Structures are given as structure tokens and as C-alpha cells.
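# Commentary on secondary and tertiary structure
Chain residues, written in single-letter form:
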Amino acid sequence: MVRYGELFLKSEPVKHHFIGLLLRNIGRALAASGLRYHFETPRGRIFIHGPEPEKIAAIARRCFGVVDVSVCTLTTGDIDALCENAVTLASARLRAPMSFAVRGKRQNKTGLTSQELGTVIGSAIYDHIPGLRVDLDHPDYEIFIEVRDIGGLIFDSRIEAPGGLPWGTQGKVLCLLSSGIDSPVASWLTMKRGCEVAHLHLDGGKWAGKDVGDAAIENHRRLSLWCPGNVMPLVIANSEPLYDEMSRLRIPPRLRCVICKRFMLRVGSRLLETEGAVALVTGENLGQVASQTLPNLAVISEAVTAPVIRPLITYDKEETIAIARKIGTFEMHPGDLACRAVPKMPTTAAILDAVKEAEAKIDIDTLVARAVASVRYVNAENGVITNGS
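Within the chain one finds 12 helices and 17 strands. With the principal axes as the frame, the chain shows a C-alpha extent of 85 × 40 × 35 Å. Of all 389 residues assigned to the chain, the portion counted as buried reaches 49%. Sequence-distant contacts, at least 24 apart, represent 78% of the contacts inside the chain between residues at least 6 apart.

In the segment running from Ala96 into Pro97, the intervening peptide bond is cis, with an omega of 5 degrees. Residue placement: Pro97 occurs in the loop between α3 (79–91) and β6 (99–106). Even without being glycine, Arg250 reaches a positive phi, approximately 55 degrees. Given a relative accessible area of 72%, Arg250 falls into the exposed group.

Relative to the elements of secondary structure, Lys172 occurs in strand β11 (residues 172–176). Buried charge without a partner: Lys172 forms no salt bridge, and the closest opposite charge is Glu196, 4.4 Å away. Here Glu275 takes part through its backbone oxygen, which lies 3.0 Å from a polar atom of the side chain of Lys172. Setting aside anything within four residues of it in sequence, one finds Lys172 in contact with Glu196, Ala198, Pro233, Glu275, Gly276, Ala277, Val278 and Ala279.

Once that is clear, we can look at a nonpolar patch on the surface. On the surface, Tyr126, Val134 and Leu136 cluster together to form a nonpolar patch covering roughly 310 Å² of accessible area. Tracing the sequence through the fold places Leu136 in the loop between β7 (133–134) and β8 (141–148).

With that out of the way, let us pick up helix α6 (residues 212–223). In an α-helix, one turn spans 3.6 residues, which is why side chains three or four residues apart end up on the same side. For α6, built from 12 residues, the straight-helix expectation of 16 Å at 1.5 Å per residue is met to within 8% by its first-to-last C-alpha distance of 17 Å. Within α6, burial applies to Val212, Ala215, Ala216, Asn219, His220, Arg222 and Leu223. Seen end-on, α6 carries its buried residues on one side only, within an arc spanning 165 degrees.

Here we take up the packing of aromatic side chains. Tallied over the entire structure, the rule returns 7 aromatic pairs. Taking 5.1 Å as the distance between ring centres and 10 degrees as the angle between the ring planes, the aromatic pair formed by Phe144 and Phe155 counts as stacked. You can see Phe144 sitting in strand β8 and its partner Phe155 sitting in strand β9 (residues 151–155), a full 11 residues away along the chain. Judged by its relative accessible area of 1%, Phe155 is buried. Residues Trp188 and Trp226 carry aromatic rings whose centres are separated by 5.6 Å and whose planes lie at 85 degrees to one another, so their mutual orientation is edge-to-face. Here Trp226 lies in the loop between α6 and β13 (232–238) and Trp188 lies in helix α5 (residues 182–192), a separation of 38 residues in the sequence. You'll find Trp188 and Trp226 in the same group, each marked buried. An aromatic cluster is present here, built from Phe64, Trp188 and Trp226 joined pairwise through their rings. In this structure, Arg325 is placed above the aromatic ring of Phe330, and the distance from its NZ or CZ to the ring centre is 4.2 Å.

Turning our attention to the sheet that holds strand β10 (residues 159–160). An order of β1-β4-β10 is seen for the 3 strands of this open sheet, with the pairing classed as antiparallel. Looking at the sheet topology across the chains shown, the edges are occupied by β1 (2–4) and β10.

Here the focus is the sheet that holds β6. Strands sit in the order β5-β9-β8-β6-β7 across an open sheet of 5 strands; the sheet is mixed. At either end of the open sheet lies a strand with only one pairing partner, and these are β5 (73–75) and β7. For β6 and β7, the ladder comprises 2 bridges, and the chain directions are parallel. Along β7, the bridge assignment pairs Phe100 with Val134. Of the strands in this sheet, β5, β8 and β9 touch α3, which is tilted by about 155 degrees from β8. Across the face of the sheet, helix α4 (residues 114–128) comes into contact with β6, β7 and β8 while running at roughly 145 degrees to β6.

Grouped together as the largest cluster of nonpolar side chains are 39 residues, with contacts concentrated most on Leu200, Leu242, Ile259, Phe263 and Val267. Counting residues per element, the ones that place at least two in this core are β11, β12 (196–203), β13, α7 (240–248), α8 (256–275), α9 (294–301), α11 (352–362) and α12 (364–373). When residues in this core are grouped by element, the largest group, 9 residues, is from α8. When sequence neighbours within four positions are dropped, the list of residues in contact with Leu200 reads Leu174, Cys175, Leu176, Leu177, Leu234, Val235, Ala237, Met264, Val267, Gly268 and Leu271. Ranked by size, the runner-up nonpolar core spans 27 residues in total, among them Leu177, Trp188, Leu189 and Val378.

About the thresholds
- Residues numbered from 1 in each chain as written.
- Predicted model: local features only at pLDDT ≥ 70, side-chain atom pairs only at ≥ 80, totals over all residues.
- Heavy atoms only, no water.
- Helix = DSSP H or I, 4+ residues; strand = E, 2+ residues; numbered from the N terminus.
- Buried < 20%, exposed > 50% of the residue type's maximum accessible area, 1.4 Å probe, protein only.
- Contact = heavy atoms within 4.5 Å.
- Lys, Arg positive; Asp, Glu negative; His and termini not counted.
- Salt bridge = Lys/Arg side-chain N within 4 Å of Asp/Glu carboxyl O.
- Polar contact = N/O pair within 3.5 Å; in protein donor to acceptor, adjacent residues only side chain to side chain.
- Patch = residues over 30% accessible without salt bridge, like charges linked within 9 Å, V, L, I, M, F, W, Y side chains within 5 Å.
- Areas by Shrake-Rupley, 256 points an atom, 1.4 Å probe, with all protein chains shown as cover.
- Expected span 1.5 Å × (residues − 1).
- Arc of directions from axis to C-beta.
- Phe/Tyr/Trp six-rings, centres within 6.5 Å; stacked < 30°, edge-to-face > 60°.
- Lys NZ or Arg CZ within 6 Å of the ring centre and 35° of its normal.
- Pairing = 2+ DSSP bridges.
- Axes fitted to C-alpha atoms, helices over the stretch in contact; angles between N-to-C directions.
- Core = buried A, V, L, I, M, F, W, Y, C linked by side-chain atoms within 4.5 Å.

Here is the structure:
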């Protein structure tokens, strides 16, 4: 049983369209794993029938738009059959002196009410397992019963899923992806809002720590687990000439971080059409580092006319780390991820005219064109790097 939440808020035509895309996404994910299945879609639920329900649930819980997933026993709506199967399920996990509760729900208005359903089935469990306590507020164990047109569904767990909107409902974005913590979380949050994501990594060459490139590709690989059945592209562009020129022409060190961020957005903006994307996404967070002060973000954003989405703009670092741990992109010992171009005292309030003057000196347009011409691709699918070129 798959439940979706926010989709209920949409108009009927939009909801129908979004549910169709959700079914497409789940179907692609299951097909990619070689699982047999078929769908039923009564109002408010998606039922997935198949011979390997635990594996199906593990895949469905990674699909955006899904709120939670339950592996269910399907029986008839007859009360005796419901009681028998509920007792069997509860007996595997419920022991005295544990407390329990039965949560009953019915689709039709005939027969037992939801409360009566819970009472009858609860009594059967209570009689079968001596020494239990009923606690409807904070039970040690819960069992859920839903009686629908297709029969009775019995389950005792609700596996959390990401929620949000189905992948692909909001178009495609190009997300700047680094080797760090923030940008993978920004990518994931954008996916959660229904965006199809492609990644862009700027390779700093000798100016970057020796583990930066591999760590960025690993972030990309891990994020592909959240769009199972879909190929996720990573575009890698060479940014080493930018740092070479800033060093050779002695661009004031305090401006280099802002110029670098503007360069990244410029390269991303040039690649939007190629990748079929309509916006850029970054992992920037207000005030987290010198380049991310409000004055600097304003100067950085001026470099492009494309929309720039910053999902983490108001997050505390610990909030971002908590999400990174949850989605599997946090790495306790990431290796050498240093940037050798970072100055000791970067500006916190860059002056746009000074930045543009420095960019003209290094011929920023030519450097952007060189970076765009240098791109290579690394694709990932279902947590596996499928090719690099």
C-alpha cells in the first residue's frame, strides 16, 4: 500500500496527471530491479501487487511523492477473516505485558463502523495473547485494518518515504554539485519538489584537493538512488584555467570566491539549453561562508538571467547535515577536499563594478566558453555509474 499526501491538494485534472507520473516513476523503478508487479489505484491509495512485497516496498519508499509504504496482508472483508489474519500478524511481534492499539478504517458506510472494527479485532488479539494492555494514545504496538472494495488490508508498519511531488512534474533543473555536504542536499530537496535533476561539477584540476573529483561523482551516484529507473547525468566542466588566470593576472584575492561563483553560474547558464533545464540550483546558504553573505549573493546572482534556486538558503548547518545523513550523502571522512584558491580574507561585501573590472581583465567570457567546450559526462542509474566520457 502506497500513500501520497500533497497530491490531494491539487485540482482533479492535476491530481490525475501527477498520480499518473507517480505510477510511471514507481513502475520504472520496479522494472529496473526486475520485479513483477501490477497496480490498483482506488481513491487515495496505490496498491502494488507482486510476489516480493518487501523488495517492492523498499523501492517504492524512495520515490518522491510517496508519503509512506506498508506491506499488507490482503484478505476478504469478512470479520472472521480479518480477526484471524490480524491475530496471526500480531502474534509475531506482540508479547505480554506490551500495550497495543488497533486502528480501523473502512471505505464503505455499511457494516461495522471504524471504531467497532477496531474493538472487535482488538478483542480477538487480546483474547489470544494474555497479559496485554490496550493503550490508544502511546501503544508499544499498532496494527492497522482497512476494509475496502478489494477486501481487507492488514499491516503493522508504515515505512517513511520522502513525500513531496513526483519526479518530473516540475520540469528539469541543473544543479551545481560539489564534493561537500550542502549541494547534494540542495539537489535532493529540489528533486523532492518534483524536479528532474542533472548535475554540473566544475573540476578545479590542480587547484582542488586530490579527492574532490571522486567525492563529487560519489555524491552523484548516491543521489541517483533517489530517482530509481531514471538515468541521472553529471556534466563535468574544466575550471582550472579560471584559477590559473586569476593567479597569473594577480586578481585581488579577496574577490576570487565571488568571481568563482559567478563563473560557475555562467557556465551552468550556458548549459541550460543543452541539458533541457530551465533553472540553476546551488547549495548556497545565507551567511554560512564569506561568499554567501547577502551582498555577495546579490553580486553573484547578477552574473546570469536564469532563475537560481537555493533550497538551503535559511537552513542551519546541523539541519543540512541531518538531511545528508538521512539521504545517505554524508561522509564522515571525505578525504582531501580543499580548495587551493581560497584566500585568507575573502570579501564579505563585493562591489559589483570591481568584480566586473576583474572579470574583464581575465576575459571571463572566453574562460566560460572554454569550460563549456570541455565538458564530459558521467551518468548514474540506480546507484551505479553507468558511463563516463
